[in-house]
Amino acid sequence: MTDLPDNGRASDTAWSSDAFKNRLARRHRKELGLKLLGLGALTLAFLMLGILLWTLISGGAQAFRQTHVTLDVPISAQMVDPADPAAGNYRGVIAEAMQATFPDAPQERMRALSGILSNAAQFVLRDRVVADPELIGQVVQIRVPTSDTYDQLNKGNVNEASDESTRRLNDEDIRAFRQLEAEGRITLPFNWALFTNADSRFPELAGLRGAIIGSFYALLVCFLISFPLGIGAAIYLEEFAPKNKISDIIEVNINNLAAVPSVVFGLLGLAVFLNWFGMQRSAPFVGGLVLALMTLPTIIIATRAALKAVPPSIREAALGVGASKQQVVFGHVLPLAMPGILTGTIIGLAQALGETAPLLLIGMNAFVTSAPGTPFDASTALPTQIFIWADSPERGFVARTSAAILVLLGFLVLMNAIAIFLRNRFERRW
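Residues numbered from 1 in each chain as written. Predicted model: local features only at pLDDT ≥ 70, side-chain atom pairs only at ≥ 80, totals over all residues. Heavy atoms only, no water.

With respect to the overall build of the chain
Test applied: Each helix is a run of H or I in the DSSP string that is no shorter than four residues. Each strand is a run of E no shorter than two, and both are numbered from the N terminus. Only protein chains enter the area calculation, which uses a 1.4 Å probe; residues under 20% of their type maximum are buried, those over 50% are exposed, and those in between are partly exposed. Should any heavy atoms of two residues lie within 4.5 Å, those residues are counted as being in contact. Per-residue accessibility takes into account occlusion by the displayed protein chains alone, with areas from the Shrake-Rupley method and a 1.4 Å probe. Positive charge is attributed to Lys and Arg, negative charge to Asp and Glu, and no charge count is given to His or to the chain ends. Each charge is placed at NZ for Lys, CZ for Arg, CG for Asp and CD for Glu.
A tally of regular secondary structure across the chain gives 16 helices and 3 strands. If one aligns the C-alpha atoms of the chain with their principal axes, the spans along those axes are about 125 × 70 × 40 Å. For the chain, the residues scored as buried account for 41% of the 430 residues in total. In the chain, the proportion of contacts linking residues at least 24 apart, taken out of those at least 6 apart, comes to 76%. Carbon and sulfur atoms make up 62% of the accessible area of the chain, which amounts to about 23500 Å² in all. For the chain, the distance from the average site of its 36 positive side-chain charges to the average site of its 36 negative ones is 12 Å.

Take a look at the structure:
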């Protein structure tokens, strides 16, 4: 009789061991499934990021190079008066140069052949002659951009084998361009005009200079307003404000404002700054004010988190040696929290740099052909310039839109890299 309980205990033990092994194997399978799910999610995310970057790079790479043509231009005194070179007939001078380049072309073809050159050719020549009037009476060699249609031809975006009626360039136009190419007059250098020119109706002349300067002014105004106000509000709420229902309501509203869509701040700026105060539309100063309102909650939340991260022992030690509350906060706590504050501020400014909706509502999508000289001049910004070019029908603006997105991403990556550097360089671990 004594063997029965032993056999029962043995079978119970075997059953328990088998059940434990089954549960352990099931748990391991779940862990493996979770790991595979996480790796799959990361792989999918990097794949989508790679597709995005490849699409932008492949689409925008052509915009970083611009087709130019070198032209020998005889400048006669009949066309350009030496006494007033700025008022010369430079369009006629360019037309004569094209006639000399294609001496066998009939007169009715000259208008089409002049379309090889960008509209900027006459202004490039005018600026050189005005800077050096001694060029009058000489033959000047200039290098000017080609028009967008011929730029697309040189970059391989025109199917020469297609039916002539489906192309903007006929066979004679293509042969004329190939003649210039055979003579060594066609080059494809880096497109510095993308960064030195402002916006233009002509894709070959359009650049980002006005948008970059406009974004700089808007971010500068945003920083000068949101940084001191955000830090001051955070210090008061975290260190000096009494803990009551009013401070709780303020804290909840700040957290809610951080999640408000940016278009709401654009509507606020439209109603208050433009309609009520009558400020100028399209001005970076107004854009900076709107972006400051949008960035304030982010800076306040980041600053409060950085202040909370400072150990209470720092405050207690300073109070123990007789420091006042203000001396504790501004002499000990704030300097130790500054790396986290700067990191949060830069991230907030990077977010503001990429915002489009609030700037559209205050009119920073206007067609402005010159860079702003002050924050009060009309201007665009990088996000709104991308919006304008994306809505343009010309083929050349397609590549420039992708190029502008790459420039904007470059600034965002740079700002986030600075934030990471400041955090790693100055952050203290307690």
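This is not the end of the story, as more comes after the structure.
Some remarks on the sheet that holds strand β3 (residues 186-187)
The test is simple: Being paired, for any two strands, means DSSP has found at least two bridges between them. The convention used is that axes are lines fitted to C-alpha atoms, helices contributing only their stretch in contact, and that angles between N-to-C directions extend from 0 to 180 degrees.
The sheet built from 3 strands is open, its strands ordered β2-β1-β3 with antiparallel pairing. Strand pairing shows two members of the sheet lacking a second neighbour, β2 (139-145) and β3, which therefore form its edges. Note: strand β1 (residues 68-74) against β3, 2 bridges, orientation antiparallel. The residue of β3 that forms the bridge with His 68 is Thr 187. With respect to the sheet, helix α2 (residues 90-101) is in contact with β1 and β2, its orientation differing from that of β1 by roughly 100 degrees.

Focus on the nonpolar core
Selection rule: By nonpolar core is meant a set of buried Ala, Val, Leu, Ile, Met, Phe, Trp, Tyr and Cys residues that side-chain atoms within 4.5 Å join together.
Core analysis: the biggest nonpolar cluster contains 43 residues, and Leu 208, Leu 291, Ile 362 and Trp 389 have the highest contact counts within it. Those elements giving two or more residues to this core turn out to be α8 (209-240), α10 (262-276), α11 (284-308), α13 (325-353), α15 (382-390) and α16 (396-426). For this core, the element with the highest residue contribution is α16, accounting for 10 residues. With residues up to four places along the chain from it excluded, the contact list for Leu 291 reads Ala 218, Cys 222, Ala 352, Glu 355, Pro 358 and Leu 359. Ranked by size, the runner-up nonpolar core spans 33 residues in total, among them Tyr 90, Leu 135, Val 140 and Ile 142.

Brief notes about unusual backbone geometry
One non-glycine residue, Ser 282, lies in positive phi territory at about 70 degrees. Relative to the helices and strands, Ser 282 resides in the loop between α10 and α11.

What about the packing of aromatic side chains?
Just so we agree on the cut-off: Pairing of aromatic rings covers Phe, Tyr and Trp, the last through its six-membered ring, and needs centres within 6.5 Å; plane angles under 30 degrees mean stacked, over 60 mean edge-to-face, and all others mean tilted.
Inspection of every chain in the model, using the stated rule, returns 10 aromatic pairs. Between Phe 190 and Phe 195 the ring centres are 6.4 Å apart and the planes differ by 5 degrees, which places this aromatic pair in the stacked class. Note on Phe 190: relative accessible area 37%, which makes it partly exposed. Overall, the relative accessible area of 29% leaves Phe 195 in the partly exposed class.

Examining the UniProt feature "transmembrane region" (unreviewed entry) in the chain
Just so we agree on the cut-off: UniProt positions are given in the numbering used here, feature names are shortened, and annotations may be inferred rather than shown by experiment.
Mapped onto this numbering, the UniProt entry annotates "transmembrane region" (unreviewed entry) at residues 36-57, 216-237, 257-279, 285-307, 328-350 and 403-422. Taken end to end, residues 403-422 is 100% helix and 0% strand, and its two terminal C-alpha atoms sit 29 Å from one another.

Notes on the domain arrangement of the chain
Basically, it comes down to this: Residue ranges for the domains originate in an automatic or database domain assignment.
Structurally, the chain comprises domain 1 (18-62), domain 2 (66-189) and domain 3 (209-426). Just the C-alpha atoms count here: the centres of domain 2 and domain 3 sit 47 Å apart.

A look at the pattern of salt bridges
We apply this condition: What counts as a salt bridge is simple: a side-chain nitrogen of Lys or Arg found within 4 Å of a carboxyl oxygen of Asp or Glu.
This model, assessed by the stated rule, comprises 13 salt bridges. For Lys 325, the salt bridge identified is with Glu 239, shortest N-O distance 3.7 Å. Within this pair, whereas Lys 325 is found in helix α13, its partner Glu 239 is found in helix α8, the two being separated by 86 residues in sequence. Judged by its relative accessible area of 11%, Glu 239 is buried. Taken together, the shared-partner salt bridges connect Asp 72, Glu 183 and Arg 185 into one network.

Quick look at the UniProt feature "domain: ABC transmembrane type-1" (unreviewed entry) in the chain
Within this numbering scheme, the UniProt entry marks residues 212-419 as carrying the feature "domain: ABC transmembrane type-1" (unreviewed entry). Secondary structure content for residues 212-419 is 76% helix and 0% strand, and the end C-alpha separation is 21 Å.

A short note on the environment of Ala 417
Looking at where Ala 417 falls in the secondary structure, it is placed in helix α16. For the pair Ala 417 and Thr 343, spaced 74 residues apart in sequence, the C-alpha to C-alpha distance is 10.0 Å.

Here's the deal with the side chain of Thr 345
Spelled out, the test is: Under this definition, polar contacts are N or O atom pairs within 3.5 Å; protein pairs additionally need one hydrogen-donor-capable and one acceptor-capable atom, and for neighbouring residues in sequence, both atoms have to be side-chain atoms.
By the element assignment, Thr 345 lies in helix α13. Residue classification places Thr 345 among the buried residues on the basis of a relative accessible area of 3%. Polar side-chain contacts of Thr 345 include one of 2.8 Å to the backbone oxygen of Ile 341.

Examining a nonpolar patch on the surface
Note the cut-off: Patch membership needs two things, relative accessible area over 30% and no salt bridge, and members are linked within 9 Å if like-charged or within 5 Å if nonpolar (Val, Leu, Ile, Met, Phe, Trp, Tyr).
On the surface, Leu 32, Leu 36, Leu 39, Leu 42, Phe 46, Leu 49, Leu 52, Leu 53, Ile 57 and Leu 409 cluster together into a nonpolar patch covering about 940 Å² of accessible area. In terms of residue count, helix α1 (residues 3-60) provides more of the nonpolar patch than any other element does, 9 residues in total. Within the element layout of this structure, Leu 42 appears in helix α1.

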